[in-house]
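A structural walkthrough
Read off the chains here:
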Amino acid sequence: MATQEEINKTIHSNENIQNILINHIKNRKITYYLVNQFILLFAQLGGSWAFNLNIASSDFDYFGVFSANYSIFGTVVPPPKTIESNNPDCVAYEIKFFIELLLKRNPKLLEPLWATHYCWFNESFENLKNLKEFLLGRNAAHQYLGFAKSSIKSNIKQKNKNNSNNSNNSNVNENLLEIVAKIDPKNHYKILRMLLEAKRISLNQPPRVWFEGEERDLIIQVRQQKIPNVAQQIIDLLEQVTNLMNNMPHDNDDITFLKLNEWLINYRKKEIQENLLCEPIPFDKATQIVFQNQSPLYLNLFDQIQQLLNNNNNNNNNNNNNNN
């Protein structure tokens, strides 16, 4: 059985996840006919694996960023903003939409810029990662805090239907503590992670993304319901982050927009100049890469790649027959 370190080295240093996302994108029934015209920029094993918070029961999710080939933009039907599929769960964002969400400081889209484990990215995406510091600041902290609050509020709406007349502040705080305490432990650990990241950003530090040491131990123990008074810790963190964030200067969004927009324009120009096309790694090369490592996780990824590729070929053949 491969060790965690061996699995990490295997996935991070090779192109398995890249191929899964490539074939995931090509396997979707997209409405425009240039179905194979795309460039994969970033691929990642997502979910709890991306944060080093996976446990024995953690499943595999995949996240990617792709660019629709420049020739697609000359067609009537624009490329999709996202492509999603199940078994395995995959989601990929077209680069323009990805940039739009980055400008809104969406945590799910920010975190890949700091990803160092279980991921693959090309040179163009690496250049985008070099701009990540422009996305830090008050807006990013606000978004992390907002995601944590929204998870709590979704529970509050259900539990406070019959208690909407509470006006005393202490009662409201008591209700919040009680509600947070009753939230599913899975949500506890997710809320805690978001708040820890919000606190780091509020202190002018980048998001950790990959958790290690005491913070990882704390979150894992919360996930496994081994920590008492989690609700109080969450409420204390909410207060701390709110106070820190309120003292942060406002972001210079104009500079951030110009930097990311410039990157996107230059990327599109490069794509046109080089006539870039993304092709899946040849079967014999993929086979060689996989069986050099012999990781059980890696072999499972290869099976997923080949199944997605086979499905894609069948779909393309059926579409061609229907068009004829």
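Above: the structure in question.
Now for a quick tour of the structure. In this text, all values refer to a predicted model and were calculated from it rather than measured experimentally.

**Brief notes about the packing of aromatic side chains**
One pass over the full model with this rule turns up 10 aromatic pairs. Both rings, one in Trp49 and one in Phe60, keep their centres 5.2 Å apart while their planes meet at 35°; by these two values the pair is tilted. Here Trp49 is found in the loop between strand S1 (38-45) and strand S2 (61-68), whereas its partner Phe60 is found in the loop between S1 and S2, with 11 residues between them in sequence. Take Phe60: its relative accessible area is 25%, and that puts it in the partly exposed class. Through a chain of ring-to-ring contacts, the aromatic side chains of Phe42, Phe63, Tyr93, Phe97, Phe98, Phe121 and Phe125 assemble into a single cluster. Seen from the ring of Phe121, Lys129 lies directly overhead, with NZ or CZ sitting 4.9 Å from the centre. The lysine or arginine in question, Arg193, covers the ring of Phe51, its NZ or CZ lying 3.7 Å from the ring centre.

**Brief notes about the layout of surface pockets**
Here the largest pocket is characterised by a volume of approximately 930 Å³. Forming the walls of the largest pocket are 37 residues, and the residues nearest its centre are Gly47, Ser48, Phe51, Asp61 and Lys190. Broken down by element, the lining of the largest pocket gets its largest block of residues, 7 residues, from helix H8 (residues 185-202). When the residues that make up the lining of the largest pocket are grouped by side-chain class, the tally is 17 nonpolar, 10 polar and 10 charged.

**Regarding helix H11 (residues 253-274)**
Taking 1.5 Å per residue, 22 residues should reach 32 Å; H11 reaches 31 Å between its end C-alpha atoms and fits that length. Among all positions of H11, only Thr256, Leu260, Trp263, Leu264, Tyr267, Arg268 and Glu271 are buried. For H11, the angular spread of buried residues about the axis comes to 130°, placing them on one side. The exposed residues of H11 that point more than 90 degrees off its buried face are Asp254, Leu258 and Gln273. Residues of H11 that are buried sit in contact with S1, S2, strand S4 (89-94), helix H3 (95-103) and helix H5 (123-129).

**Things to note about the sheet that holds S2**
Strand order in the open sheet made by the 5 strands is S3-S4-S2-S1-S5, with mixed pairing throughout. In the strand order of this sheet, the two ends are held by strand S3 (82-85) and strand S5 (119-121), each with one partner. Shown here is a sheet whose adjacent strand axes are inclined to one another by a mean of 20°, direction ignored. Of the pairings in the sheet, the one linking S2 to S4 comprises 6 bridges and is parallel in character. Residue Val65 lies in a different strand from S4, and its bridge partner there is Tyr93. On top of the sheet, H3 reaches S1, S2, S3 and S4; it is set at about 85° to S4, its chief contact. Sitting on the sheet, H11 is in contact with S1, S2 and S4, with an inclination near 70° to S2.

Scoring rules and cut-offs
Residues numbered from 1 in each chain as written. Predicted model: local features only at pLDDT ≥ 70, side-chain atom pairs only at ≥ 80, totals over all residues. Heavy atoms only, no water. Phe/Tyr/Trp six-rings, centres within 6.5 Å; stacked < 30°, edge-to-face > 60°. Helix = DSSP H or I, 4+ residues; strand = E, 2+ residues; numbered from the N terminus. Buried < 20%, exposed > 50% of the residue type's maximum accessible area, 1.4 Å probe, protein only. Lys NZ or Arg CZ within 6 Å of the ring centre and 35° of its normal. 1 Å grid on protein atoms, 1.4 Å probe; cavity = no way out; pocket = protein on both sides within 12 Å on 5 of 7 lines; lining within 4 Å. Points joined across faces, edges and corners; volume = space filled by probe spheres on them. Nonpolar A, V, L, I, M, F, W, Y, C, P; charged D, E, K, R; others polar. Expected span 1.5 Å × (residues − 1). Arc of directions from axis to C-beta. Contact = heavy atoms within 4.5 Å. Pairing = 2+ DSSP bridges. Axes fitted to C-alpha atoms, helices over the stretch in contact; angles between N-to-C directions.

Read these as layout, nothing more, since geometry by itself doesn't imply function.
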